[in-house]
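Working through the structure, step by step
So the chains spell out like this:
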Amino acid sequence: MAEQHFQLTVRGALTDARLDALVEAGCDDATFSSIGELTFAEFDREASTLLEAVLSAITAVESVGDLEVLRMDPDELVWASEIASRTGRSRQSIDMLIRGRRGPGDFPAPASHATRNPLWRWSEVDAWFAAYEGRAAETERSAVIGAINGALQARHSLRGAAHAVPLRRALRQLLAS
């Protein structure tokens, strides 16, 4: 078994009683902090795989009262400034790579232009940098983060939805194909 490091963002304020309950539920391998109604849990969990570690942590956290895991961090969607931070480059260097003024070109296309600043998928950016730098990409970690966050978002969207049953069926069909 290896130690798996990851963070979860949880809806629900951290109280002394909840902290005690989280430790009792098996989250003694996490450090907790909170801001308002959000709790942040940073785990160092022993497990064979990252997926196994994350799923067991989600189960443990959500066994405590009305806590809901919202996402696994770091998030899959990143701004150019986050790409700079994760790669140890300047924001200007990333901008030049994005525009093709430096590097091999073909920087991944943004996943979204929904905000004023485009967002990229970290898994695509990491794979591009891996090829550019001649190293292995973190494909498993990126895949786990993307899949877990997609599932958590779908679950959250279905809670209380008037059309939850047909949406669940549609999601099962999408996942089966």
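Residue positions are given per chain, counting from 1 as you read along its sequence in written order. At least 70 in pLDDT is required for a residue's local features to be given in this predicted model, at least 80 for side-chain atom pairs to be given and counted, and no such filter applies to totals for whole chains, interfaces and linings, which use all residues. The side-chain values count all of the structure's non-hydrogen atoms but skip hydrogen atoms and water molecules.

Some details on the overall build of the chain
The numbering of helices and of strands both runs from the N terminus, where a helix is a DSSP run of H or I of at least 4 residues and a strand a run of E of at least 2. Along its length, the chain carries 7 helices and 6 strands. Going from N to C terminus, the chain has its helices and strands arranged as β-α-β-β-α-β-β-α-α-β-α-α-α. Its C-alpha atoms give the chain principal-axis dimensions of roughly 55 × 40 × 35 Å. Counting only residues that meet the buried cut, the chain has 33% of its 177 residues in that class. Sequence separation of at least 24 residues holds for 63% of the intrachain contacts in the chain that already meet a minimum separation of 6. Exposure was quantified through the Shrake-Rupley algorithm and a 1.4 Å probe, taking into account, for residues, occlusion by the shown protein chains and nothing else. Accessible surface for the chain amounts to roughly 10,400 Å². Of this, 53% is attributable to carbon and sulfur atoms. When accessible area is computed with a 1.4 Å probe and restricted to protein chains, residues below 20% of their type maximum are described as buried, those above 50% as exposed, and intermediate ones as partly exposed. Any two residues whose heavy atoms approach within 4.5 Å are treated as being in contact.

Details of the sheet that holds strand β2 (residues 30-35)
The 4 strands are arranged β2-β3-β1-β4 in an open sheet whose pairing can be described as antiparallel. The open sheet has two edge strands, β2 and β4 (68-73), and neither has a second partner. Adjacent strand axes in the sheet meet at a mean angle of 25° when their direction is disregarded. With 6 bridges connecting them, β2 and strand β3 (residues 38-47) associate as antiparallel partners. Looking at the pairing, Ile35 lines up with Leu38 of β3. The axes used here are C-alpha line fits, helices contributing only the stretch in contact, and every angle between their N-to-C directions lies in the interval 0 to 180 degrees. Lying over the sheet, helix α2 (residues 50-62) contacts β1 (2-11), β3 and β4, oriented at roughly 40° with respect to β1. Against the sheet, helix α6 (residues 139-158) contacts β1 and β4, and its axis sits at roughly 155° relative to β4. Here, any two strands with at least 2 DSSP bridges between them count as paired.

Details of the packing of aromatic side chains
In summary, the pairing rule links any two rings of Phe, Tyr or Trp, Trp by its six-membered ring, whose centres are within 6.5 Å, and it sorts them by plane angle into stacked for under 30 degrees, edge-to-face for over 60 and tilted for everything else. Going through the model one piece at a time under the given rule, you end up with 8 aromatic pairs. Relative to Phe129, the ring of Phe107 lies with its centre 6.3 Å away and its plane at 85°, an arrangement referred to as edge-to-face. Of this pair, Phe107 sits in the loop between α4 (91-99) and β6 (120-121) while Phe129 sits in helix α5 (residues 122-133); the two residues are 22 residues apart in sequence, bridging distant segments of the chain. Phe129 matches Phe107 in its accessibility class, with the two residues each being buried.

A short note on the side chain of Thr9
Structurally, Thr9 is set in strand β1. Two N or O atoms form a polar contact when they lie within 3.5 Å of each other; inside protein one atom must be a possible hydrogen donor and the other a possible acceptor, and for residues adjacent in sequence the pair counts only when both atoms belong to side chains. Only 2.4 Å separates the side chain of Thr9 from the side chain of Asp73, close enough to count as a polar contact.

Here we look at unusual backbone geometry
A positive phi angle is found at Asp106, which is not glycine, with a value near 55°. Within the secondary structure, Asp106 sits in the loop between α4 and β6. Here Asp106 falls in the exposed class, since its relative accessible area comes to 73%.

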